[in-house]
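Analysis of the macromolecular model
So you can see what is in the structure, the chains are spelled out below.
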Amino acid sequence: MKVFGDKITMSIIVKCRFWFVVLASFLFWYLLLCFCNYNSTTTKGSITFKFENLIEPIPFYENDTLFGTQTEDINNILIRTENGDKPSSDFHIVNNGLKGIDHILEPDNRLAPSASEVHSKENIELDTKPINDTTRERESNEDSDSCAGRYVYIHNLPRKFNQDLLKNCASLSNWTNMCEFTSNSGFGPPLSNPGKVYSNRGWHTTNQFSLEVIFHNRMKQYECLTNDTSLASAFFVPYYAGLDVARYLWGYNISMRDSDSLGLVKWLRQKPEWRKMSGRDHFLVAGRITWDFRRLSDEEFDWGNKFLFLPESKNMTVLTIESSPWHNNDFAIPYPTYFHPLKEVEVFQWQNRMRRQRRPFLFSFAGGQRPNIRDSIRGEVIEQCRASRKKCKLLECRDGSNKCQKPEFVMKMFQSSVFCLQPPGDSSTRRSAFDSILAGCIPVFFHPGSAYIQYLWHLPKSFTNYSVFIPDIDVKKRKVSIENTLLQIPKQKVAEMREEVIRLIPKVVYAGSKLKNLDDAFDISVKGVVERVSRIKREMEEGKDSSLDYAEEVSWKYNFFGTVEDHEWDRYFEKT
């Protein structure tokens, strides 16, 4: 009996030891987990997770393949949006900054991984620096200083230099009532769209000489404006130089033509902001071609005023719709077109519409002859277009016909053409070149001064990627067939050129407001000005001689090629 009792006692002791170990282990792990959870909670504010690398980008393939499988391409997604269907809320459209790719679909930030998902990522980055008031202040200062080096101060000019011109808009032109065109921030009235030539929004009756008003109103919306002149990197002068001189181009003496421009520079000279750099950090927009501001003499019969020859103007950066190849103080920016989108999705929708546009005509031309201009090739271009029968569409601008003044006729023709001919007219450049780009029509130039050496900030220097160049002398001497030249371009090359033209659309339109992820013509222009002023300022601070180390009359060559060596284009820019 005793032996049996001892065995029972030993069994109970063993079992108690077992459950004691189990209970002790449970309490140990429970306390350990509680301690870890408490420690994590108390240090939560000092740990910052960086999510930049946690979302894998959606791959983009040239054959419109997403996620490695053939799916509906971006064009179709945006096409559905244009037709009224809403795109998936899981995606938003961004500019990814990659060369040759205008936009991709990127995951919406709302799809970012949760904290638990973050722990499973191998590439997690932890910033264990404590967040205190000093850190927050530094980060706040960095955020608020995102405009450093880009601040612009707008001069408050006397009203006679801008607002009074708009008030007296009926007197701005001898033949056109500019009141209609200067309305609506310079865009003009909205265009009706009975033939569905345009998209539903953003299209206006915009005059090619209304750029000063458009630019001024966009400057008022510029994200880096300042009232502190010490912060300003550049100073904008809202003088409507083109509207001013247009009043007096016909039938007025040179005193009237020069009056306001002389008054402007006198006003500027008296400002402390001007004396800082003698105006080298100032810029303005003159919304006509450069020759309207470069009168060569003080003879009454000579054309225009002498605004761009004034010493003060030579120090400023002046933006014009056509610049001089022989001077270095004016810079060309695009003519205004009819399209002024408010949102970037409107741009994407239009681009995709132009991609799928049917184009039955090989080439087209809108314009009139210039019999009074020596060496004009307009007559030969019109003759070749007529001879090409069904391959060329002609919209001849002549007395009694106003179709050339109606956007629906011009845009419809350009949208139905593969190539759009752009021979020089009264001057080297044409608004029509930008209308053709807007229509996805490949421009054909006959003079390098029509685009290549002009719009250096907005058009790529690799001009053969988006245009065709046919020397004007070959057309004049009937050595070349425009039709045969265009037919010889391989279809694949044509497709690539048209895509490049369509990609240029955002860069040549003046949007109604800042686009979220796209730079329009205004953004690019301001960036170009600020960078130029920064370079000049840096050279002055370093004591460098800012004078040109080449003859100013070869500015076109230096600005485009970076050299002044002999070139086959020299004959186009010989001064006569």
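In this numbering scheme, every chain counts its residues from 1 along its sequence in written order. In view of the model being predicted, local features appear only for residues whose pLDDT reaches at least 70, and side-chain atom pairs are presented and counted only at 80 or more, with totals across whole chains, interfaces and linings using the full set of residues. Only hydrogens and water are set aside; all other atoms, that is, all heavy atoms of the structure, feed into the side-chain values.

The next subject is the nonpolar core. Among buried residues, those of type Ala, Val, Leu, Ile, Met, Phe, Trp, Tyr and Cys that are joined through side-chain atoms within 4.5 Å constitute a nonpolar core. Three labels apply to residues, based on accessible area from a 1.4 Å probe with only protein chains included: buried if under 20% of the type maximum, exposed if over 50%, partly exposed otherwise in between. Phe215 and Phe419 are the most contacted members of the largest nonpolar core, which totals 93 residues. If one sorts the elements of this core by residue count, helix α18 (residues 491-508) sits on top with seven residues. Three or more residues apiece are contributed to this core by two domains, here domain 1 (152-336 + 524-544) and domain 2 (352-508). By definition, residues are in contact when any of their heavy atoms lie within 4.5 Å. Apart from residues no more than four positions distant in its own chain, Phe419 is found in contact with Leu362, Phe363, Ser364, Cys441, Ile442, Val444, Val468, Leu486, Ile489 and Val494. Note on conventions: DSSP H or I runs of at least 4 residues are helices, E runs of at least 2 residues are strands, and numbering of each starts at the N terminus. Residue ranges labeled as domains rest on an automatic or database domain assignment.

Next up on the list: the layout of surface pockets. Definitions used throughout: a 1 Å grid over protein atoms alone; a cavity as a set of points that fits a 1.4 Å probe which cannot get out; a pocket as an open set with protein on both sides within 12 Å along at least five of seven lines; a lining residue as one with an atom within 4 Å of a point. Grid points are joined across faces, edges and corners, and a volume is the space filled by probe spheres set on the points. The calculated volume of the largest pocket comes to roughly 1800 Å³. At the level of elements, α6 (178-182), α8 (241-246), β9 (282-289), β12 (361-367), α14 (407-415) and α15 (432-438) are the ones that each hand at least two residues to the lining of the largest pocket. Its residues assigned to classes, the lining of the largest pocket shows 20 nonpolar, 18 polar and 11 charged. Two domains share the lining of the largest pocket, each providing at least three of its residues, namely domain 1 (152-336 + 524-544) and domain 2 (352-508). Residue classes follow a fixed rule: Ala, Val, Leu, Ile, Met, Phe, Trp, Tyr, Cys and Pro count as nonpolar, while Asp, Glu, Lys and Arg count as charged, and any other residue, Gly among them, counts as polar.

Once that is clear, we can look at a nonpolar patch on the surface. Patch criteria: residues need more than 30% relative accessible area and no salt bridge. Like-charged residues are merged within 9 Å; nonpolar side chains of Val, Leu, Ile, Met, Phe, Trp and Tyr are merged within 5 Å. The method behind every accessible area is Shrake-Rupley, applied with a 1.4 Å probe, and residues are considered shielded solely by the protein chains displayed. Salt bridges are defined as contacts in which a side-chain nitrogen from Lys or Arg sits within 4 Å of a carboxyl oxygen from Asp or Glu. A grouping of Trp175, Trp250 and Trp303 is seen on the molecular surface, where their side chains present a nonpolar patch of about 380 Å² in accessible area. Position of Trp250 relative to the elements: it lies in the loop between α8 and α9 (254-269).

This next bit is on the packing of helix α7 (residues 211-219) against helix α19 (residues 521-541). Following both chains from N to C, one finds α7 and α19 inclined at 75 degrees, their axes separated by 11 Å at the closest point. As judged from the angle between their axes, α7 and α19 are roughly perpendicular. Along the contact surface, α7 presents Phe215, Arg218 and Met219, while α19 presents Phe522, Asp523, Ser525 and Val526. As a rule, the C-alpha atoms of each element are fitted with a line to give its axis, helices using only the stretch in contact, and angles between N-to-C directions run from 0 to 180 degrees. Roughly parallel covers angles under 35 degrees, roughly antiparallel covers those over 145, roughly perpendicular covers 65 to 115, and oblique covers all other angles.

Our focus in this paragraph is the side chain of Asn162. If you trace the backbone, Asn162 turns up in the loop between β7 (152-154) and α5 (163-167). Residue Asn162 is classed as buried on the basis of its relative accessible area of 5%. Not counting the four nearest positions on each side in its chain, Asn162 is found in contact with Leu157, Pro238 and Tyr240.

Enumeration over the complete set of coordinates arrives at 26 salt bridges. Between Arg247 and Asp244 there is a salt bridge, with the nearest N and O atoms lying 2.6 Å from each other. Put simply, Glu383 and Arg478 hold a salt bridge, and the shortest N to O gap is 3.0 Å. A residue pair is termed long-range when its members are at least 10 positions apart, and Glu383 in helix α13 (residues 378-387) and Arg478 in the loop between α16 (472-476) and α17 (482-487) qualify at 95 residues. Among the residues examined, Glu383 registers a relative accessible area of 43% and is labelled partly exposed. The network of salt bridges with common partners includes Arg218, Lys514, Asp519, Asp520 and Asp523.

On to the confidence of the model for the protein. On average, residues of the protein score 81 in pLDDT, and 74% of them reach the 70 mark or higher. The quantity known as pLDDT measures the predictor's confidence residue by residue, on a range of 0 to 100. In the model, residues 1-9 has pLDDT below 50 throughout and makes zero contacts with residues more than four positions away in sequence or in other chains. Scored below 50 in pLDDT, residues 36-139 shows 117 contacts in the model against residues more than four places distant or in partner chains.

Here we take up the sheet that holds β9. Read from one edge to the other, the open sheet built from five strands follows the order β7-β8-β9-β10-β11, with strand pairing classed as parallel. Only two strands of the sheet have a single neighbouring strand rather than two, namely β7 and β11 (330-332). Strand-to-strand twist of the sheet, defined as the mean angle between neighbouring strand axes without regard to direction, takes the value 35 degrees. A pair of strands is treated as paired once DSSP finds two or more bridges between them. Sheet topology places strand β8 (residues 234-236) next to β9; two bridges connect them, and they run parallel. If you follow Phe236 over to β9, its bridge partner there is Phe283. Lying over the sheet, α7 contacts β7, β8, β9 and β10 (317-322), oriented at roughly 150 degrees with respect to β9. α19 contacts β9, β10 and β11 of the sheet and is inclined by roughly 145 degrees relative to β10.

A word on the packing of aromatic side chains. Each aromatic pair joins two rings of Phe, Tyr and Trp (for Trp, the six-membered one) with centres within 6.5 Å, and gets the label stacked for planes under 30 degrees apart, edge-to-face for over 60, and tilted for any other angle. Taken as a whole and judged by the stated rule, the model has 32 aromatic pairs. Summarising the aromatic geometry, the rings of Phe236 and Phe283 are spaced 5.1 Å apart at their centres and angled 45 degrees between planes, so their arrangement reads as tilted. Taken together, the residues span a long stretch of sequence, with Phe236 in strand β8 and Phe283 in strand β9 at a distance of 47 residues. With relative accessibility at 1%, the residue Phe283 sits in the buried group. With a centroid separation of 4.2 Å and 25 degrees between ring planes, the pair formed by Tyr452 and Phe463 is classed as stacked. One end of the pair, Tyr452, is in the loop between β15 (442-445) and β16 (468-469); the other, Phe463, is in the loop between β15 and β16, and 11 residues separate them in sequence. The exposure class of Tyr452 is buried, given its relative accessible area of 4%.

Here the focus is the sheet that holds strand β13 (residues 392-396). In space, the five strands of this open sheet follow the order β13-β12-β14-β15-β16, with parallel pairing throughout. The open sheet is flanked by β13 and β16, the only strands paired with a single partner. By the bridge criterion, two bridges tie β15 to β16 in an arrangement that is parallel. The residue bridging Val444 from the neighbouring strand is Val468, located in β16. Of the strands in this sheet, β12, β13 and β14 (417-422) are in contact with α13, which crosses β13 at around 135 degrees.

The buried fraction of β10 is high, at six of six residues. One ladder, built from five bridges, connects β9 with β10; its direction is parallel. Directly across from Ile289, in β10, lies its bridge partner Glu322. Both β10 and β11 contribute to a ladder of three bridges, which runs parallel. Opposite Val318, over in β11, you have Asp330 as the bridge partner.

You will see that Asn184, though not glycine, has its phi angle at about 55 degrees, which is positive. Along the chain, Asn184 turns up in the loop between α6 and α7. What makes Asn184 partly exposed here is its relative accessible area of 39%. The residue Ser185 is not glycine, and still its phi comes out positive at about 60 degrees. Its place among the elements puts Ser185 in the loop between α6 and α7.

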